[in-house]
Amino acid sequence: SEEVQKTTKNENLLPYEVIIAGSQGDIDAINTIVAHYRPYVLKLSLRKEGDRYCVDEELRNRLEAALIAKTLDFKVCNI
């Protein structure tokens, strides 16, 4: 049902409070955000070496640094 789909989708979202805290520089919140996106960052960091895939650590570090920078830049609109 539609209600079940909404619940499933929302389970993968970061809590609003974590996003706000991260945008204000809270280290624990930033670490939570980075951990939440780690699987995606790792997938983006894969590079083929011969017949196997390896994580490009330099790229992973750059992507995580960009995520942290964007988190700190995030502006919350009060509606």
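Now for a look at the structure at hand.

Criteria and cut-off values
All residue numbers refer to positions counted from 1 along the written sequence of the respective chain. For a predicted model such as this one, the threshold for reporting local features is a pLDDT of at least 70, and the threshold for listing and counting side-chain atom pairs is 80 or more; totals across whole chains, interfaces and linings nevertheless cover every residue. As a convention, hydrogens and water are excluded, and side-chain values are obtained from all of the structure's heavy atoms. Every helix listed is a DSSP run of H or I at least four residues long, and every strand listed is a run of E at least two residues long, numbered separately from the N terminus. Any pair of N or O atoms that falls within 3.5 Å is considered a polar contact. Within protein, one atom must be able to donate a hydrogen and the other to accept it, and sequence-neighbouring residues count only if both atoms are side-chain atoms. Contacts: residue pairs with any heavy atoms within 4.5 Å of one another. Under the scheme applied here, a residue whose accessible area is under 20% of the maximum for its type counts as buried, over 50% as exposed, and between as partly exposed, the area being computed with a 1.4 Å probe on protein chains only. Each axis is a line fitted through C-alpha atoms, taken for helices only over the stretch in contact, and angles between the N-to-C directions span 0 to 180 degrees. Angle categories: roughly parallel below 35 degrees, roughly antiparallel above 145, roughly perpendicular from 65 to 115, and oblique for all the rest. Left-handed is the label given to a crossing in which the near helix is rotated counterclockwise from the far helix by less than a right angle, and right-handed is the label when the rotation is clockwise. Three categories are distinguished: nonpolar for Ala, Val, Leu, Ile, Met, Phe, Trp, Tyr, Cys and Pro, charged for Asp, Glu, Lys and Arg, and polar for the others, with Gly belonging to the last.

1. Describing the side chain of Thr-71
Part 1 of the reasoning: Within the element layout of this structure, Thr-71 appears in helix 4 (residues 57-73).
Part 2 of the reasoning: A distance of 2.8 Å separates the side chain of Thr-71 from the backbone oxygen of Leu-67, its partner in a polar contact.
Part 3 of the reasoning: Beyond its immediate sequence surroundings of up to four residues, Thr-71 is in contact with Gly-22, Ser-23, Ile-30 and Ile-33.

2. Notes on helix 2 (residues 16-23)
Since there are 3.6 residues in each turn of an α-helix, residues three or four apart along the chain are aligned in direction.
Part 1 of the reasoning: Of the positions making up helix 2, those classed as buried are Val-18, Ile-20, Gly-22 and Ser-23.
Part 2 of the reasoning: Of the surrounding elements, those touching the buried residues of helix 2 are helix 3 (27-44) and helix 4.
Part 3 of the reasoning: Residue Gly-25 follows helix 2 closely and has a positive phi angle near 95 degrees.

3. Some words on the environment of Tyr-53
Part 1 of the reasoning: Relative to the elements of secondary structure, Tyr-53 occurs in strand 2 (residues 52-55).
Part 2 of the reasoning: Residues in contact with Tyr-53, not counting those within four places in the same chain, are Leu-46, Arg-47 and Lys-48.

4. Topic: the packing of helix 3 against helix 4
How two helices sit against one another is set out by the angle between their axes and by the gap between those axes.
Part 1 of the reasoning: The interhelical angle for the contact between helix 3 and helix 4, taken along N-to-C directions, is 140 degrees, at an axis separation of 10 Å. With respect to their mutual orientation, helix 3 and helix 4 come out oblique. Considering how the two elements wind past one another, helix 3 and helix 4 form a crossing that is right-handed. Contacts between helix 3 and helix 4 involve Ile-30, Ile-33, Val-34, Tyr-37, Arg-38, Val-41, Leu-42 and Leu-44 on the former and, on the latter, Leu-59, Arg-60, Leu-63, Glu-64, Leu-67, Ile-68, Thr-71 and Leu-72.
Part 2 of the reasoning: The class makeup of the residues in the contact of helix 3 with helix 4 is twelve nonpolar, one polar and three charged.

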